[in-house]
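Examination of the molecular architecture
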Amino acid sequence: MRFATLTVSMVEHISPAKSLSGSVVLPGDKSISHRYGMLASLADGTSKIRNYSTGADCQSTLACMRSMGIPIESGEETLIHGKGLGGLSAPAEMLDAGNSGSTIRMLSGILAAQPFVSRIGGDESLSRRPMQRIMTPLAEMGARIEARDGKFPPLTITGGPLRPIEYTLPVASAQVKTCVLFAGLSAPGRTSVVESVRTRDHSELALREFGVDISHTGHVISVEGPAHLKPLELYVPGDLSSAAFFLVAAQVVSESDLVIQGVGLNPTRSGLLDFLVGMGCNIQVLDVQQTNGELIGSLRVRKSRVRGGRIDGALAASVIDEIPVLAVLGAVSEDGLSVHDAAELRVKETDRIATIAENFKRMGLSIDVRPDGFDVPGRQQFHAAELNSFGDHRIAMAFSIAALAADGPCVMEDASAASVSFPGFFATLQRIAA
Ligand code: S3P
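Cut-offs applied
- Residues numbered from 1 in each chain as written.
- Predicted model: local features only at pLDDT ≥ 70, side-chain atom pairs only at ≥ 80, totals over all residues.
- Heavy atoms only, no water.
- Core = buried A, V, L, I, M, F, W, Y, C linked by side-chain atoms within 4.5 Å.
- Buried < 20%, exposed > 50% of the residue type's maximum accessible area, 1.4 Å probe, protein only.
- Helix = DSSP H or I, 4+ residues; strand = E, 2+ residues; numbered from the N terminus.
- Contact = heavy atoms within 4.5 Å.
- Axes fitted to C-alpha atoms, helices over the stretch in contact; angles between N-to-C directions.
- Parallel < 35°, antiparallel > 145°, perpendicular 65-115°, else oblique.
- Nonpolar A, V, L, I, M, F, W, Y, C, P; charged D, E, K, R; others polar.
- Polar contact = N/O pair within 3.5 Å; in protein donor to acceptor, adjacent residues only side chain to side chain.
- pLDDT = per-residue confidence, 0-100.
- Near = heavy atom within 4 Å.
- Areas by Shrake-Rupley, 256 points an atom, 1.4 Å probe, with all protein chains shown as cover.
- Expected span 1.5 Å × (residues − 1).
- Pairing = 2+ DSSP bridges.
- Right-handed = clockwise from strand over helix to strand, strands pointing away.

1. Details of the nonpolar core
With 76 residues, the main nonpolar core has Phe246 and Phe399 as its most contacted residues. Element by element, the count of residues in this core is highest for helix α7 (residues 240–252), at ten residues. Once residues within four sequence positions are removed from consideration, Phe399 is found in contact with Val328, Ile356, Asn359, Phe360, Met363, Leu387 and Met412. If you look at the next biggest cluster of nonpolar residues, it comprises 66 residues, including Leu39, Cys64, Val180 and Ile221.

Put into structure tokens, the structure is as follows:
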């Protein structure tokens, strides 16, 4: 098995917890931050973004936009001085997407329309992730893209005038959908994406906020180009995928009562909550509001009796990022968890089916692995172990939550990977655990 390794390594020691209590504030949603960062750069003027994700992935997006001449001030608020759809300048060096699949895939749609050649790559993990899924539609639109071995980063993108297309997604991927829609902003006419499985719609909501002519009818999403984007004041809700670690933590620790503040509750993401409630988790949604087209609310979660569950079909696509921590929940549940139709897990930051199985083995837990998922029996005893993130943020956090239920202290190697989406994760865990 090959796993990613990070150059900056950090070890965290995690002790078993008896109780979890208090309030949790999450970083801004990763998916929404990327989109706001890119679109604000293409807007005609200055956008002000509050609660932009502090995670390394979203900072990679800002760094790429800065490298193309967009002035960005990061502080309490993120100020992005957009220069319009044609305002980017050729980067002097290769753009660095770091660990971020969203950055490379979504930004490629923008790069494909530029009157310059650009190169974009990232770390070792990103360099192993498939890019044909964006290369195919962008080539159809008229862009020239070269990749390592024809499919891996770094990409060399020779941009230019694009033609609009109608593209049916062969894999359920919001990144690919977004890539094509972002390219369509510059193509004269109507660019459409057809998706048979609904994926997160943050791009559609953001594009509408920025004033783009966008329609969504049935399975077809279309944008009219060339577009003009207006600058905005935006607020990024807390990241539901980060909330998932604490929703599960409250089920693995015997006395738990947490409030998670200001979380994004977009219906294309909140299948997670329906699934958890269906398993028996006691979750209350408080103070729901809308901001920039996105739903936001707080979640109160308490320890409950958790039955088993099955994830397949469209649900698998909608909770794909939460599956590592749901695997942990499956092992403490009464009837276990069965995951199907989730082969995409194999091409995430790590092969997550393999990295989940490896950490299960280290904790003495059983799991049966299949090419597209796994079965985890319930009512298992978690044993103290040396765990490893293998450089994957969600594996670092999922198994740190598992460690709270172990029969002794655990070690998490390469724990710093968590900062890709949640730099304050371990400090938060320490603050709420007793
Ligand atoms: C994302 C889409 C999903 C998800 C990723 C973020 C997005 O990836 O796993 O973490 O922001 O659009 P895919 O598009 O590959 O399914």
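More follows now that the structure is in view.
2. A closer look at the packing of helix α5 (residues 174–184) against helix α6 (residues 202–209)
Axis separation between α5 and α6 bottoms out at 9 Å; the angle between their running directions is 25 degrees. Comparing the axis directions of α5 and α6 gives the class roughly parallel. Residues Lys177, Thr178, Leu181 and Phe182 of α5 form the contact with α6, whose own contacting residues are Ser203, Glu204 and Leu207. Split into classes, the residues belonging to the contact of α5 with α6 amount to three nonpolar, two polar and two charged.

3. A few points about the side chain of Gln114
Looking at where Gln114 falls in the secondary structure, it is placed in the loop between α3 (101–111) and β7 (117–121). Given a relative accessible area of 3%, Gln114 falls into the buried group. At 3.0 Å, the side chain of Gln114 forms a polar contact with the backbone oxygen of Ile110. If we ignore the near neighbours within four places in the chain, the residues touching Gln114 are Leu85, Leu88, Gly159 and Gly160.

4. Brief notes about the confidence of the model for the chain
When pLDDT is averaged along the chain, the result is 97; 98% of the residues meet or exceed 70. Long-range and interchain partners of residues 1–7, a stretch whose pLDDT sits below 50, account for 22 contacts in this model, where long-range means more than four residues apart.

5. Looking at the side chain of His393
Note that His393 resides in helix α12 (residues 393–403). A residue is classified by how much of its surface remains accessible, and His393, at 0% relative accessible area, is buried.

6. Some details on the site of the ligand
Around the ligand there are 13 residues in total, and Ser31, Arg35, Ser173, Asp321 and Lys348 lie nearest to it. In the model, an oxygen atom of the ligand is placed 2.7 Å from a nitrogen or oxygen of the Ser31 side chain. The backbone of Ala174 places a nitrogen or oxygen atom 3.1 Å from an oxygen atom of the ligand. Burial of the ligand by the surrounding chains reaches 94%, relative to a free accessible area of 390 Å². Elements with a contribution of two residues or more to the shell around the ligand: α1 (30–42), α3 and α5. Top contributing element to the shell around the ligand by residue count: α1, with three residues. In terms of residue class, the shell around the ligand is made up of three nonpolar, four polar and six charged.

7. A word on α1
Between the first and last C-alpha of α1 there are 19 Å, a value that for 13 residues agrees with the 18 Å anticipated at 1.5 Å per step. By the criterion of burial, α1 is predominantly enclosed, with 13 of the 13 residues buried. With a side-chain oxygen lying 2.9 Å from the backbone nitrogen of Ser31, the N-terminal cap of α1 falls on Asp29.

8. A short note on α12
Counting buried positions over the eleven residues of α12 gives eleven, a clear majority of the element. At the N-terminal boundary of α12, the capping side chain belongs to Asp392, with an oxygen 3.0 Å from the backbone nitrogen of Arg394.

9. Looking at the pairing of strand β15 (residues 255–264)
In this sheet, β15 lies alongside strand β2 (residues 19–25) in parallel orientation, the contact comprising seven bridges. Its bridge partner lying in β15, Ser19 is registered against Glu255. Two elements, β15 and strand β17 (residues 294–302), share six bridges in a ladder whose sense is antiparallel. Bridge pairing in β17 links Val259 to Arg300.

10. Concerning the pairing of strand β11 (residues 189–194)
Inspection of the sheet shows strand β10 (residues 166–168) paired to β11 by three bridges, in the parallel sense. Residue pairing in the sheet places Tyr167 in a bridge with Val193 of β11. Taking the sense of rotation as the criterion, the β-α-β connection linking β10, α5 and β11 turns out right-handed. Where β11 lies against strand β13 (residues 220–225), six bridges are found, and the strand directions are antiparallel. Each residue of the ladder has a partner; that of Val193, found in β13, is Ile221.

11. Focus: the environment of Gly271
Take Gly271: it is sitting in helix α8 (residues 271–279). According to the relative accessible area criterion, Gly271 is buried, its value standing at 15%. Residues Gly271 and Leu315 lie 44 residues apart in sequence; the distance between their C-alpha atoms is 6.9 Å. Those residues in contact with Gly271 that sit more than four places away from it in its chain are Leu315, Ser318 and Val319.

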